[in-house]
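Given next are the chains, with one letter for each unit.
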Amino acid sequence: MLVRPKPGILDPQGQAVESSLRHLGFAVEGARVGRLVDVELTTDDPVEARAALERMCEQLLANPLIEGYEIEFPEHTSP
Amino acid sequence: MSGPDRPLVAVVVFPGSNDDRDAQQALELLGASAVRVWHEEQQLPPATAAVVLPGGFSFGDYLRCGAIARFSPVMSAVRAFAADGGLVLGICNGFQVLTEAGLLPGVLRPNRSLTFICRETQLTVAPGESPFTTRCGSGGGTLTIPVKNGEGCWYADDELLAELEAAGRILLRYAPGENPNGSVADVAGVANADRNVFGLMPHPEHAVDPLLGGTDGAAILGSLVDAARAAA
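Reading guide: rules and limits
Residues numbered from 1 in each chain as written. Chains lettered and ligands numbered in written order. Predicted model: local features only at pLDDT ≥ 70, side-chain atom pairs only at ≥ 80, totals over all residues. Heavy atoms only, no water. Patch = residues over 30% accessible without salt bridge, like charges linked within 9 Å, V, L, I, M, F, W, Y side chains within 5 Å. Areas by Shrake-Rupley, 256 points an atom, 1.4 Å probe, with all protein chains shown as cover. Salt bridge = Lys/Arg side-chain N within 4 Å of Asp/Glu carboxyl O. Lys, Arg positive; Asp, Glu negative; His and termini not counted. Charge placed at Lys NZ, Arg CZ, Asp CG, Glu CD. Helix = DSSP H or I, 4+ residues; strand = E, 2+ residues; numbered from the N terminus. Buried < 20%, exposed > 50% of the residue type's maximum accessible area, 1.4 Å probe, protein only. Expected span 1.5 Å × (residues − 1). Contact = heavy atoms within 4.5 Å. Pairing = 2+ DSSP bridges. Axes fitted to C-alpha atoms, helices over the stretch in contact; angles between N-to-C directions. Arc of directions from axis to C-beta. pLDDT = per-residue confidence, 0-100.

1. Observations concerning a negative patch on the surface
Then comes step 1: Together, D157, D158, E159 and E163 of chain B make up a region of like negative charge exposed at the surface.
Then comes step 2: Assignment of secondary structure puts E159 of chain B in helix α4 (residues 158-166).

2. Overview of the environment of A27 of chain A
All names here are of chain A.
Then comes step 1: Assignment of secondary structure puts A27 in the loop between α1 (12-23) and β2 (35-36).
Then comes step 2: For A27, a relative accessible area of 87% gives the class exposed.
Then comes step 3: Between the C-alpha atoms of A27 and K6, which are 21 residues apart in sequence, the distance is 23 Å.

3. Regarding the pattern of salt bridges
For side chains of opposite charge, pairing can occur when their charged atoms come near one another.
Then comes step 1: A full pass over the atoms with the stated rule returns twelve salt bridges over all chains.
Then comes step 2: A salt bridge links R22 of chain A to E18 of chain A, with the nearest nitrogen and oxygen atoms 2.8 Å apart. Note that R22 of chain A and E18 of chain A are positioned in helix α1 at a spacing of four residues, about one turn of the helix.
Then comes step 3: For R22 of chain A, a relative accessible area of 47% puts it in the partly exposed group.
Then comes step 4: On the basis of relative accessible area, E18 of chain A is assigned to the buried category, the value being 14%.
Then comes step 5: In this structure, D226 of chain B engages R229 of chain B in a salt bridge whose closest nitrogen and oxygen atoms are separated by 3.4 Å. Of the two residues, D226 of chain B and R229 of chain B both sit in helix α5 (residues 217-231), three residues apart, roughly one turn of that helix.
Then comes step 6: We classify D226 of chain B as partly exposed; its relative accessible area is 25%.
Then comes step 7: Here the residues in one salt-bridge network are R35 and E67 of chain A together with R64 and E100 of chain B, joined through shared partners.

4. Comments concerning α5 of chain B
All names here are of chain B.
Then comes step 1: Spanning 15 residues, α5 covers 21 Å between terminal C-alpha atoms, matching the ideal 21 Å at 1.5 Å per step.
Then comes step 2: In terms of burial, α5 is largely enclosed, as eleven of its 15 residues are buried.
Then comes step 3: For α5, the set of buried residues is G217, A218, A219, I220, L221, G222, S223, L224, V225, A227 and A228.
Then comes step 4: The inward-facing, buried residues of α5 abut α1 (20-29), β3 (48-53), β4 (87-91) and β7 (141-149).

5. Some remarks on the sheet that holds strand β3 (residues 67-70) of chain A
Residue and element names in this part refer to chain A.
Then comes step 1: Spatially, three strands are ordered β2-β1-β3 in an open sheet, and the strand pairing comes out antiparallel. Two strands lie at the open edges of the sheet, namely β2 and β3, each paired on one side alone.
Then comes step 2: Here strand β1 (residues 2-5) pairs with β3 via four bridges, running antiparallel. By the bridge assignment, P5 is partnered in β3 with E67.
Then comes step 3: The sheet contacts of helix α2 (residues 46-61) involve β1, β2 and β3, and relative to β3 the element is tilted by about 160°.

6. Considering the environment of P105 of chain B
Then comes step 1: Here P105 of chain B shows up in the loop between α3 (93-100) and β5 (107-109).
Then comes step 2: The spatial distance from the C-alpha of P105 of chain B to the C-alpha of Q25 of chain B is 29 Å, given a sequence separation of 80 residues.

7. A word on α4 of chain B
A turn of α-helix holds 3.6 residues, and therefore any two residues three or four places apart point the same way.
Residues and elements named next belong to chain B.
Then comes step 1: Considered for burial, the residues of α4 that qualify are L160, L161 and L164. All buried residues of α4 lie within an arc of 100° about the axis, which places them on one face of the element. Structural note: α4 exposes D158, E159 and A166 on the side pointing more than 90 degrees away from its buried face.
Then comes step 2: As for α4, its buried residues are in contact with β8 (153-155) and β10 (187-191).
Then comes step 3: Just past α4, the residue G168 takes up positive phi, approximately 65°.

8. Comments concerning the confidence of the model for chain B
Then comes step 1: In this model, chain B carries an average pLDDT of 95, and 98% of its residues clear a pLDDT of 70 or more.
Then comes step 2: Quick note on the complex model: pTM equals 0.93, ipTM equals 0.81.

Here it is in structure tokens:
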């Protein structure tokens, strides 16, 4: 699950990263810092899994006032 | 002992709270009977007349400040207490917990400077009635109370801000030019619609003794004790 600040929300961490990257000589026009949360689920059912991940984001991992989230499944899941 | 003269104030202790003893001591000094309540308790002590969520770093500030503490067992009791009209004050991390729990509007974000800020701030109290500012008078006023936080930048979108301003729910602001953290509209403290729940980033419990730099914090906490006494 990828959680990051919504567009337009002040992101001081992103600004600090942007500034630091510029100091290193990279041509950067903007940087946003989010959070990646990897979880291992016990279910094999992708529908059930996606529903659970949605609820995780809604209830805990993202604050809907300031953060959006995306959910990604790995292409190969371990057996 | 608690009683009509010394109302019982429950100070919730989360793992990582560190201003609970200061809050307890300040409340006792101001005439309350203050007890510390572990976050795993399912219920508040009988006769609780007010609840304080203290400052600190509950659950290590992991994920987002207050985001994990809001699920502590005691928070169900705090939520019910607040819904019943009970007085709830959140200070610093306690404010963060209350916003994450949805009991107060907005959210606290990292300071604009990305640095931890620990210093006195001048504050403006909104005119009007609230149980947390009665000792400031109905005309409002100014207070000097320290802040100490890394994530004190209160945020709300324009629509929510306008709604709160129209309802007079922004009880405390940093004085002009004093905003230490980038907080939207200089907001330092905000109340719920019924004005029985209030959160603020400055630490009134650290400003109740002249030997420690000032006593303006007593205006907030003393108001709470007065209101708790009336409610007991």
